[in-house]
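Chain residues, written in single-letter form:
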Amino acid sequence: MTECEEASSRNATLEVKLERNATFPGHVTRLLHLIVALSIAEATAAFAAPCQFESQGEGRVAAIVDARSVRLDDGREIRLMGIEPTATTKQALASLLAGRDVTLRSADDTPDRYGRQGALVFIGESDTPVQAVLLAQGDAMVSAEIADKDCAASLMASEAVARHKKMGSWADPSAIKNAESPDDILAEIGRFTVVEGKILSVRQAGATTYLNFGRNWTRGFAATISKRTLPAFESAGITLKSLENRRIRVRGWVEGNTGPRIDVRLVGQVELLGADEPTGVRP
């Protein structure tokens, strides 16, 4: 049995024991706290190591700047790589990081245009990034920006735990949009959104490939992929034409004046789903 399977087995056993005692005073609150803790452990037990990039320094968190940025006591502003925030991210971030000593890891410490240093953030000697904890709690979504395959997979696995258990933002039935309801997706213009559905056709127009989820190409939802992104899909062994009639989960920023669109710039924005897989469950 793998480390991940052992964690899952312990999780299930303890949840059953706790449920039997949930009617006693105070047990319901403890039950919820323990299930959250066990879910995080399940998500990170086998996936902590892949995100061990080069150390980019240490520091103490002096302030929570916004939902995915913190300021260290030496003045550096750090942006948490690999996640997109939800309504609860800032509060969760404050609970995890305020006043804590942290280690920063990334492949590159070059600041972005806002002067923020992007990094995976580790508390103390922990080998689990704070990003994985936020994802496993349902307090963030995977952004798919991390190119390292193993680290990206580990973060997606952490998010999958929260999706499967309907934790945090995933408790909302509308958290994942249905590709067959383009009006609901249009309402998310300018927001990072997760959409699931079946690709009905793959069409190329000029330098853009369209993954069409609706029969009306101008009003239905579509994911667009530019010609410069195609080599990344080919390197991943994905032929776009082979995606026809496949169910996928796609994430990104919604745009479009008629039919809603998500521009796919990274392979990690697209996940293949099983034919009978329930909504929100990791493939």
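Going by the structure above, here's the rest.
Residues numbered from 1 in each chain as written. Predicted model: local features only at pLDDT ≥ 70, side-chain atom pairs only at ≥ 80, totals over all residues. Heavy atoms only, no water.

Caption draft 1: Up close: the packing of helix H3 (residues 89-97) against helix H4 (residues 130-137). Between H3 and H4, the least distance of the axes is 11 Å, while the angle of their chain directions is 130 degrees. Judged on the interaxial angle alone, H4 and H3 are oblique. The hand of the H3/H4 crossing is right-handed. The segment H3 lies against H4, with Thr-89, Ala-92, Leu-93, Leu-96 and Leu-97 engaging Val-130, Val-133, Leu-134 and Gln-137. Its residues placed into classes, the contact of H3 with H4 shows seven nonpolar, two polar and no charged. (Axes fitted to C-alpha atoms, helices over the stretch in contact; angles between N-to-C directions. Helix = DSSP H or I, 4+ residues; strand = E, 2+ residues; numbered from the N terminus. Parallel < 35°, antiparallel > 145°, perpendicular 65-115°, else oblique. Left-handed = near helix turned anticlockwise from the far one by under 90°. Contact = heavy atoms within 4.5 Å. Nonpolar A, V, L, I, M, F, W, Y, C, P; charged D, E, K, R; others polar.)

Caption draft 2: Inspection of the pairing of strand E13 (residues 247-255) at higher detail. Relative to E13, strand E9 (residues 192-198) is paired through seven bridges, and the arrangement is antiparallel. Note that in E13 the partner of Glu-196 across the bridge is Arg-249. Pairing analysis gives three bridges linking E13 to strand E15 (residues 270-272), with the strands arranged antiparallel. Bridge pairing in E15 links Ile-248 to Leu-272. Two elements, E13 and strand E14 (residues 261-264), share two bridges in a ladder whose sense is antiparallel. Bridge assignment links Val-254 to a residue of E14, and that residue is Ile-262. (Pairing = 2+ DSSP bridges.)

Caption draft 3: Region of the structure containing the packing of aromatic side chains. Using the criterion set out here, one finds two aromatic pairs in the structure. Look at Phe-192 and Trp-253: their rings are 5.8 Å apart centre to centre, the planes differ by 80 degrees, and that puts the pair in the edge-to-face class. Highlighted residues: Phe-192 in strand E9 and Trp-253 in strand E13, separated in sequence by 61 residues. The exposure class of Phe-192 is buried, given its relative accessible area of 12%. For Trp-253, a relative accessible area of 44% puts it in the partly exposed group. Ring centres of Phe-213 and Phe-221 lie 5.0 Å apart, and the angle between their planes is 40 degrees; this geometry places the pair in the tilted category. In this pair, the class of Phe-213 matches that of Phe-221, namely buried. Sitting above the plane of the Phe-122 ring, Arg-105 keeps its charged end 5.9 Å from the centroid. (Phe/Tyr/Trp six-rings, centres within 6.5 Å; stacked < 30°, edge-to-face > 60°. Buried < 20%, exposed > 50% of the residue type's maximum accessible area, 1.4 Å probe, protein only. Lys NZ or Arg CZ within 6 Å of the ring centre and 35° of its normal.)

Caption draft 4: Spatial organisation of the side chain of Glu-188. Its place among the elements puts Glu-188 in the loop between helix H6 (182-186) and E9. A relative accessible area of 15% places Glu-188 in the buried class. Sequence-distant contacts of Glu-188, defined by excluding residues within four places in its chain, comprise Lys-177, Thr-193 and Val-254.

Caption draft 5: Region of the structure containing the pattern of salt bridges. Throughout the structure, instances matching the rule amount to 17 salt bridges. Because the salt bridges share partners, they merge into one network encompassing Glu-159, Arg-163, Glu-196, Arg-249, Arg-251 and Glu-271. (Salt bridge = Lys/Arg side-chain N within 4 Å of Asp/Glu carboxyl O.)

Caption draft 6: Focus on the sheet that holds strand E5 (residues 101-105). Here we have five strands rolled up into a closed barrel, ordered E1-E2-E3-E6-E5, and mixed in their pairing. Across the sheet, the mean angle separating the axes of adjacent strands is 60 degrees when strand polarity is ignored. By the bridge criterion, four bridges tie strand E1 (residues 55-66) to E5 in an arrangement that is antiparallel. Bridging across to E5, Glu-58 finds its partner in Thr-103.

Caption draft 7: Inspection of the packing of H4 against helix H5 (residues 149-165) at higher detail. In contact at an axis separation of 6 Å, H4 and H5 are set at 25 degrees when each is read in the N-to-C sense. Taken together, H4 and H5 sit at an angle that is classed as roughly parallel. The residues of H5 that touch H4, namely those facing Gln-131, Ala-132, Leu-135, Ala-136 and Gln-137, are Leu-155, Ser-158, Glu-159 and Ala-162. Taken together, the residues that form the contact of H4 with H5 break down as five nonpolar, three polar and one charged.

By themselves, these observations are geometric and do not establish any function.
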